[in-house]
Amino acid sequence: MFRQIAYAARNSAKLASRAATFRAATLRATTSVGSMMRPVAFTPVKFMRFSSTGSSLTKEDVLARTVSVLKTFELKNSTDKIELETQFTKDLGMDSLDYNDALVALEEEFDVVFDDKSANEIKTVGETVSYVLKNYLPEQQDLDKEVR
């Protein structure tokens with residue numbers, strides 16, 4: 001429940017920001033020439049992610065942190081090496097509850113949210129790493145963590 005509320009709050013803040021920017025971008029600037037109003041050419045705004053620290057995650061960083069999180073669980077199939085091709089159920093012996101617990105731990109580690117559809121589709125560690133890289137937002141100093 002808390003996860004859904006936090007996800008909804010984060011998305012509503014993002015959507016409100018995007019909507020305000022879109023409204024500002026779609027207003028047509030005009031100039032007056034004599035008594036006639038004429039539209040001025042406008043360049044649309046591109047949305048970009050900015051990091052306050054300038055650092056971003058690499059695939060190797062995400063894999064190393066993911067492996068360290070997974071090693072905190074009692075794995076039924078104890079494998080010494082967890083790689084990108086490692087499957088949660090087949091190679092690590094996780095059942096659905098272990099898998100959900102691992103995803104929650106990864107959400108806390110990387111401050112991302114695995115939506116239900118993605119969580120059901122992810123089968124390997126590599127897919128998890130790709131999802132985190134795709135959905136990771138660098139921490140910003142001016143935003144409250146509860147809003148993110």
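All of the points below concern the structure found in this document. Per-chain numbering applies: the sequence of each chain, read as written, is numbered from 1 onward. Where local features are concerned, this predicted model is filtered to residues with pLDDT of at least 70; where side-chain atom pairs are given and counted, the filter is 80 or more; whole-chain, interface and lining totals use all residues. Only heavy atoms go into the side-chain values, all of them from the structure, while hydrogens and water stay out.

### Structural notes on the nonpolar core
Rules: For our purposes a nonpolar core is just a set of buried Ala, Val, Leu, Ile, Met, Phe, Trp, Tyr and Cys residues, chained together by side-chain atoms within 4.5 Å. Exposure is judged per residue with a 1.4 Å probe applied to protein chains only, and the accessible area is read against the type maximum: over 50% gives exposed, under 20% gives buried, and values in between give partly exposed. Helix and strand labels come from DSSP, where a helix needs a run of H or I of at least four residues and a strand needs a run of E of at least two; each type is numbered from the N terminus. Here a residue-residue contact requires only that any non-hydrogen atoms of the pair lie within 4.5 Å.
Within the largest apolar cluster, 23 residues are counted, with the highest numbers of intra-cluster contacts made by Leu70, Phe88, Phe110, Phe114 and Val132. Per-element tally for this core: the top contributor is helix α3 (residues 96-110), with six residues. Aside from chain neighbours lying at most four places away, what touches Phe110 is Leu57, Val62, Arg65, Thr66, Val132 and Tyr136.

### Re helix α2 (residues 59-70)
Heads up, the condition is: Any helix carries an expected span of 1.5 Å times its number of residues minus one. What the arc covers is the set of directions going from the helix axis to the C-beta atoms.
Here α2 spans 16 Å end to end across 12 residues, near enough to the 16 Å set by a 1.5 Å rise per residue. Those residues of α2 that sit buried are Val62, Thr66, Val67, Val69 and Leu70. End-on view of α2: buried residues confined to an arc of 160°, all on one side of the axis. Buried residues belonging to α2 abut α3 and α5 (125-135).

### What about the packing of aromatic side chains?
For the record, the criterion: Stacked, tilted and edge-to-face pairs are distinguished by plane angle, under 30 degrees for stacked and over 60 for edge-to-face with tilted covering the rest, among Phe, Tyr and Trp rings (Trp via its six-membered ring) whose centres lie within 6.5 Å.
This model, assessed by the stated rule, comprises two aromatic pairs. When the centroid spacing of 5.2 Å and the interplanar angle of 65° are considered together, the rings of Phe88 and Tyr99 count as edge-to-face. Here the residue Phe88 occupies a position in the loop between α2 and α3, and Tyr99 occupies one in helix α3, the gap between them amounting to 11 residues. The same class applies to Phe88 as to Tyr99, namely buried. Consider the rings of Phe114 and Tyr131, whose centres lie 4.8 Å apart with planes at 20°: the pair is stacked. With Phe114 in the loop between α3 and α4 (116-121) and Tyr131 in helix α5, this pair connects stretches of sequence that are 17 residues apart. According to the relative accessible area criterion, Phe114 is buried, its value standing at 1%. On the basis of relative accessible area, Tyr131 is assigned to the buried category, the value being 13%.

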